[in-house]
Amino acid sequence: MRVFVTGGSGFIGSAVIPELLGAGHRVLALARSDRSAGTLRAAGADVHRGSLDDPEDLARAAAGADGVIHLAFNHDHFPDLTLAAEGDLRVIEAIGAALAGSDRPFVITSGTLMLASVDGVATEEDTPVPGTYRAAPDLAALALAERGVRSAVVRLAPSVHGHGDQGFLPRLIDVAREKGVAAYVGDGTNRWPAVHRLDAARLFRLALESAPAGTGLHGAADEGIPFKDIAAAIGSGLGVPLKSIPAEEAESHFGWLGMAAAVDNATSSERTRKLLGWDPEQPGLIADLEEGHYF
C-alpha cells in the first residue's frame, strides 16, 4: 500500500514511518521544510513538499495514494489552538473529498481528552461533545464513513511517552524543576491514560490496514494512572517533594497545562485491542519515568 502521511517527522510520525515501511508499505510524507524533508528521506520515505495551509494540495497528494494517515497539527499559535483546529478540519474535509467513494483508509489523530466530560471510564463508543475543542475534526472524520471512506480516528492519550518526548510530560517535569515541587491537584486521584509512542505507531498501522469505516480507536495502554502517582514519579526523578495544590491554583502553577492536570480522563482501549489485535508491548508511563531518560 502507498500511504500518504502528514506529520511524519514529528515525535509520533517518526515512529509511524518505520512501522509502515517495516510492514512492506511505501510512504509519501509531507514536509514543509528542507530539514523535515531530509529527515523523512533518511527514514526511507518519499517526500511531498507542502503545508497544512494548502488543503487542496494535500488532497491531490491523498488522491494518488492507497491510504492516508494524518498526524500533523499546526502548533504555530500555541497555546491558542483554535485556528489550528479550524485548519485541521479543512484538511480533513479536503482529503475526505478526495477519497470519497473509494473505500480507501483515512486515519486521523485526535485525543482522549476530547472525552474528558464522560463520567467514569470513556470507551470507543463515546464521541466528543460538538462545539468542544477539536471535536469538529474528530466527528467529521467519523462521518466520512457515510461517503465511502474507510475513516478511523485514533484518540491518543495525553501522555504519548518515550525517548524524544516533547509533549505534556516534559512540560510537567520542567514545571516541577522550576517550582521545586512535583504538584498534583486536590487529592490527585484524577486519572490520565498513557501510551508509548512505539505502541501508538503500531496502532496507526493496524488502523490503516483493517479498521472498519467510521471507527473510533483509543491509543491508551495505561487506562488511567492517578495523577498523584505521575507527580510522585516526577518528584522521585528530580529529587523534589510532592505537593497538593487547590484546583483554583492549577492554572497559575502549571500554566497552559493547568486544566489538563486536573482532569479525570480514564480511557478504555478494550474494544480497540479486540478489534485490531493491538497488544501494547512497551513500558507503561510510570516504568518509562523510572528508567530515568526523562531526567
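Before reading further, recall that the structure is shown in the block above.
Remember, it's a predicted structure, so these values are computed and weren't measured experimentally.

Chemist: Quick question: what am I supposed to make of the packing of helix α6 (residues 168-179) against helix α8 (residues 227-238) here?
Modeler: Across the interface, α6 lies against α8 with an axial gap of 10 Å and an inter-helix angle of 60°. Viewed along their axes, α6 and α8 adopt a mutual orientation that is oblique. Along this stretch, α6 crosses α8, giving a crossing that reads as right-handed. Taking contact as the criterion, the partners of Leu169, Leu172, Ile173, Ala176 and Arg177 in α6 are, on α8, Phe227, Ile230, Ile234 and Leu238. Residues that form the contact of α6 with α8 fall into these classes: 8 nonpolar, no polar and 1 charged.

Chemist: What should I look at first to understand helix α5 (residues 135-143) in this one?
Modeler: Residues that lie three or four places apart on an α-helix share one face, since the helix turns once every 3.6 residues. Turning to α5, its buried residues are Ala135, Pro137, Asp138, Ala141 and Leu142. Each element contacted by the buried residues of α5 is listed here: α4 (82-99), β5 (105-111), β6 (150-156) and β10 (215-219).

Chemist: Can you walk me through the sheet that holds strand β4 (residues 67-70) in this structure?
Modeler: Hydrogen bonds between backbone groups are what pair the strands of a sheet, and the pairing can be parallel or antiparallel. Taken together, the 7 strands give an open sheet; going across it, the order is β3-β2-β1-β4-β5-β6-β10, and neighbouring strands pair in parallel fashion. Strands at the two margins of the open sheet, each flanked by one partner only, are β3 (46-49) and β10. On average, each strand axis in the sheet is inclined to that of its neighbour by 25°, with strand direction left out of account. Seen against the sheet, helix α1 (residues 13-22) touches β1 (2-6), β2 (26-31) and β4 and runs at an angle of roughly 160° to β2. Along the sheet, helix α7 (residues 197-210) contacts β1, β4, β5, β6 and β10; its crossing angle with β6, the most-contacted strand, is approximately 165°.

Chemist: What should I look at first to understand the side chain of threonine 6 in this one?
Modeler: Here threonine 6 lies in strand β1. Taking relative accessible area as the criterion, threonine 6 reaches 0% and is therefore assigned buried. Within the local environment of threonine 6, its side chain forms a polar contact with the backbone nitrogen of alanine 72, the two atoms lying 3.1 Å apart. With near-sequence residues (within four places) excluded, threonine 6 lies in contact with Leu30, Ile69, His70, Leu71 and Ala72.

Chemist: What exactly am I supposed to notice about the pairing of strand β9 (residues 191-196) here?
Modeler: Taking burial as the measure, the 6 residues of β9 include 5 buried ones, the bulk of the element. Sheet topology places strand β7 (residues 159-161) next to β9; 3 bridges connect them, and they run parallel. If you follow valine 160 over to β9, its bridge partner there is valine 195.

Chemist: Explain helix α2 (residues 34-43) here, please?
Modeler: Where α2 is concerned, the buried positions are Ser36, Ala37 and Leu40. Along the axis of α2, the buried positions cluster into a sector of 100°, meaning they face one direction only. Projecting away from the buried face of α2 at angles above 90 degrees are the exposed residues Asp34, Arg35 and Ala42. As for α2, its buried residues are in contact with α1, β2 and β3. In the stretch just after α2, glycine 44 is the one whose phi turns positive, near 105°.

Rules and cut-offs
- Residues numbered from 1 in each chain as written.
- Predicted model: local features only at pLDDT ≥ 70, side-chain atom pairs only at ≥ 80, totals over all residues.
- Heavy atoms only, no water.
- Axes fitted to C-alpha atoms, helices over the stretch in contact; angles between N-to-C directions.
- Helix = DSSP H or I, 4+ residues; strand = E, 2+ residues; numbered from the N terminus.
- Parallel < 35°, antiparallel > 145°, perpendicular 65-115°, else oblique.
- Left-handed = near helix turned anticlockwise from the far one by under 90°.
- Contact = heavy atoms within 4.5 Å.
- Nonpolar A, V, L, I, M, F, W, Y, C, P; charged D, E, K, R; others polar.
- Buried < 20%, exposed > 50% of the residue type's maximum accessible area, 1.4 Å probe, protein only.
- Pairing = 2+ DSSP bridges.
- Polar contact = N/O pair within 3.5 Å; in protein donor to acceptor, adjacent residues only side chain to side chain.
- Arc of directions from axis to C-beta.

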